[in-house]
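Chains, contacts and geometry: an overview
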Amino acid sequence: MPVKRTSRDIRTANRYEVLRQIIARSPTSRQELAAATGLSLATVATLVGELLDLGMLTEVGFEDSAGGRPRGLVAVNASGGALIGVDIAETYVRVELFDLALDMLARADEDMRPGENRPEQVVAHVAAAVGSVVTQAGVEGARVLGVGVSVPGQVDRDRGVSEYAPNWDWHDVPLLDLLSEHIAYPLYLDNPLRACAVAELWFGAARGRGDAVVVNLGTGVGAGLALGGGLHRGVSNSAGEWGHTTLVLDGRLCHCGNHGCVETYVGAPGIMLNLRELSPQSPLLHPEDQTATIDALARGVAAQDPVALKVVRDTARYLGAGIADLVNLLNPEMVVLSSWVAATLGEPLLNEVREAVARHALKRPLTATEIVLSPIPTDPVCLGAATFALEGALQSVSQRPRSATPTRSRTAPPS
């Protein structure tokens, strides 16, 4: 059954959208916010008043309004709180701390060696990195409004559970319960597909676009969906598992148990296999190190190494065929290539992908779709995860007194 949205859910979503618009166009007036959000001026004024009372916004003067009364301007109070975004990936944990304007203030990285993926090991890395960024930024614990955590695979964000992470064979891991033993701040869970999509909607290539697909290219592969100007989750928060759609019948075995999934050809391990099949003794191949192999391929392409060029071209052929399916199915304005593999291989991969998509997609939807690299200079997963913490903090506004000690919450409102 569809979940009925309460008046509190709607108010939280409106509060979130108002703050999102202020972050995007700060300073701004209540009138401009009403126009941008489609909310009434009275509603905007009430929500702005709440955010001012919370210390998230500040009044910054007035602007002339063509002879009428001067309009009051509001801006984000960057020092009014801190947000933490956690990117748990298969080969690393990265944590970034942001102010309320979502400008990064501190970062910490923890490498995860092959096989170092038991839940307690991952939790230890996250706890160490969270402690590091808080110390680096000199932030008092009371100012941390929340910690957004992104973990690969399928998650139940309401219960804080990693339901299935195929690359680690995790099943029903109570991740937020484990983290809460080490981290005292409110915690919010989701996965990198949603995190990257939100980051692009707020700060990246999808800003101001109604329909966009954000293709994550890392160890794992998936597609974050921004449809109708908002994040599309599906009925069980499982939308976007494009990496586990079949690309090659009876193809390579995937960690999910199926054969021929997109991920097995265009994720980092799949690209390494593409290289191994083409040139088993290639010096570009670092068998136990995904990052080193992708870095070597990028350098090889820049040096016009024929093996590197062919591997990237072959990878782009598979990727282009998969993206063409997304173009035909969803008819988006934009497809954004995101995450570390896309960032490392960059323009050479993008150019090959554009050509490959053009060979497979229908002309009409393709004409309307722009394919670009993510312009976000920092880790988009950390940035998106921090917005989940912001969303959760805004929801909790009506659930606890402002002076109360923060308690852990697992539930963020529908986006």
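Keep in mind it's a predicted model, so treat the numbers as computed, not measured.

Analysis parameters
- Starting from 1, residues in each chain are numbered consecutively following that chain's sequence as written.
- The model is predicted, so local features are restricted to residues of pLDDT at least 70 and side-chain atom pairs to those at 80 or more, both for listing and for counting; the totals for chains, interfaces and linings are taken over all residues.
- Side-chain numbers come from the whole structure's heavy atoms, not from hydrogens or water.
- The helix and strand labels rest on DSSP assignments: H or I over at least four residues marks a helix, E over at least two residues marks a strand, and numbering proceeds from the N terminus.
- Radius of gyration: C-alpha atoms only; globule rule: 2.2 Å multiplied by the number of residues to the exponent 0.38.
- Using a 1.4 Å probe on the protein chains alone, a residue whose accessible area is under 20% of its type maximum counts as buried, one over 50% counts as exposed, and one in between counts as partly exposed.
- Throughout, a contact is declared for two residues whenever any of their heavy atoms are within 4.5 Å.
- Per-residue accessibility takes into account occlusion by the displayed protein chains alone, with areas from the Shrake-Rupley method and a 1.4 Å probe.
- Just so you know, the count uses Lys and Arg for positive and Asp and Glu for negative, and it drops His and the chain ends.
- The atom standing in for a charge is NZ when the residue is Lys, CZ when it is Arg, CG when it is Asp and CD when it is Glu.
- Residues are said to line a cavity or pocket when one of their atoms sits within 4 Å of a point; the points come from a 1 Å grid over protein atoms alone, cavities being sets where a 1.4 Å probe fits but cannot get out and pockets being open sets with protein on both sides within 12 Å along at least five of seven lines.
- Grid points are joined across faces, edges and corners, and a volume is the space filled by probe spheres set on the points.
- All amino acids are sorted into three groups, where Ala, Val, Leu, Ile, Met, Phe, Trp, Tyr, Cys and Pro are nonpolar, Asp, Glu, Lys and Arg are charged, and the leftover types, Gly among them, are polar.
- Note: pLDDT gives the predictor's confidence per residue, expressed from 0 to 100.
- Should a side-chain nitrogen of Lys or Arg be within 4 Å of a carboxyl oxygen of Asp or Glu, the pair is scored as a salt bridge.
- Pairing between strands is defined by DSSP: at least two bridges between the two strands are required.
- To define axes, lines are fitted to C-alpha atoms, for helices over the stretch in contact only, and angles between the resulting N-to-C directions are given on a 0 to 180 degree scale.
- Classification of ring pairs rests on two measures: the distance between centres of Phe, Tyr or Trp rings, Trp counted by its six-membered ring, which must be within 6.5 Å, and the angle between planes, read as stacked under 30 degrees, edge-to-face over 60 and tilted in between.
- Whether a charge sits over a ring depends on NZ of Lys or CZ of Arg being within 6 Å of the ring centre and within 35 degrees of the ring normal.

Comments concerning the overall build of the protein
For the protein, the helix and strand inventory stands at 13 helices and 16 strands. Expected size for 415 residues packed as a compact globule is a radius of gyration near 22 Å; at 22 Å, the protein falls within 12% of this value. With the principal axes as the frame, the protein shows a C-alpha extent of 70 × 50 × 45 Å. Here the protein holds 415 residues, and 55% of them are scored as buried. Sequence-distant contacts in the protein: of pairs separated by 6 or more residues, those separated by 24 or more amount to 62%. In the structure as shown, the protein presents an accessible area of about 17,800 Å², 51% of it carried by carbon and sulfur atoms. Of the charged side chains in the protein, 35 are positive and 46 negative, and the gap between their average positions amounts to 6 Å.

With respect to the layout of surface pockets
There is about 1,200 Å³ of room inside the largest pocket. Taken together, 49 residues make up the lining of the largest pocket; nearest its centre are Glu-90, Thr-91, Thr-219, Gln-290 and Trp-340. Going through the elements one at a time, strand S5 (92-99), strand S6 (104-111), helix H7 (263-266), helix H8 (268-278), helix H9 (290-302), strand S15 (334-338), helix H11 (339-360) and helix H13 (380-396) are the ones with two or more residues in the lining of the largest pocket. A breakdown of the residues in the lining of the largest pocket according to their chemical character gives 19 nonpolar, 15 polar and 15 charged.

Concerning empty space enclosed by the protein
Over the atoms, a rolling probe the size of a water molecule traces out where space has been left empty. With the rule as written, the count across this model stands at 2 cavities of 30 Å³ or more. In this structure, the largest cavity spans a volume of roughly 330 Å³. Along its surface, the largest cavity is lined by 27 residues, and Glu-90, Pro-152, Pro-192, Gly-220 and Val-221 are the ones closest to its centre. Its residues assigned to classes, the lining of the largest cavity comprises 13 nonpolar, 10 polar and 4 charged.

Some points on the confidence of the model for the protein
Scored by pLDDT, the protein has a mean of 91; 93% of the residues are at 70 or more. The model gives residues 400-415 a pLDDT under 50, and that stretch makes 39 contacts with residues more than four places away or in other chains.

Quick look at the pattern of salt bridges
One pass over the structure, following the stated rule, counts 17 salt bridges. Across the pair Asp-379 and Arg-94 runs a salt bridge whose closest N-O atoms are separated by 3.1 Å. Highlighted residues: Asp-379 in the loop between strand S16 (370-373) and H13 and Arg-94 in strand S5, separated in sequence by 285 residues. On the basis of relative accessibility, which here comes to 6%, the residue Asp-379 falls in the buried class. Close ionic contact of Glu-163 with Arg-159 constitutes a salt bridge, the shortest N to O distance being 3.5 Å. Overlapping salt bridges, with partners in common, bring together Arg-11, Arg-15 and Glu-50 in one network.

Details of the sheet that holds strand S1 (residues 28-29)
One open sheet accounts for 3 strands, arranged S1-S3-S2; its pairing is antiparallel. Only two strands of the sheet have a single partner each, and these edge strands are S1 and strand S2 (57-63). For S2 and strand S3 (residues 71-76), the ladder comprises 5 bridges, and the chain directions are antiparallel. Looking at the pairing, Thr-58 lines up with Ala-75 of S3. Contacts from helix H1 (residues 7-25) reach S1, S2 and S3 within the one sheet, and its direction differs from that of S3 by about 90°.

Looking at the packing of aromatic side chains
This structure, assessed with the given rule, holds 4 aromatic pairs. Between Trp-168 and Trp-170, the aromatic rings sit 4.7 Å apart at their centres with planes inclined by 50°, giving tilted as the arrangement. When the ring of Tyr-265 is compared with that of Tyr-318, the centres are 4.6 Å apart and the planes differ by 40°; the resulting orientation is tilted. Highlighted residues: Tyr-265 in helix H7 and Tyr-318 in helix H10 (residues 306-330), separated in sequence by 53 residues. The class of Tyr-265 is buried, set by a relative accessible area of 6%. These aromatic residues form a ring-pair network of at least three members: Tyr-16, Trp-202 and Phe-203. Here Arg-94 stacks its cationic end above the ring of Tyr-92, 4.8 Å away from the centre of that ring.

Describing the sheet that holds S5
Ordered by their spatial adjacency, 5 strands build an open sheet running S6-S5-S4-S7-S11, and the pairing between neighbours is mixed. Two strands close off the open sheet at either side, each with one partner strand: S6 and strand S11 (187-190). Looking at each pair of strands side by side, their axes are set apart by 15° on average, direction ignored. Where S5 and S6 come together, 7 bridges link them in antiparallel fashion. Residue pairing across strands places Leu-97 opposite Ala-106, the latter belonging to S6. Along the sheet, H13 contacts strand S4 (82-88), S5, strand S7 (144-150) and S11; its crossing angle with S4, the most-contacted strand, is approximately 130°.

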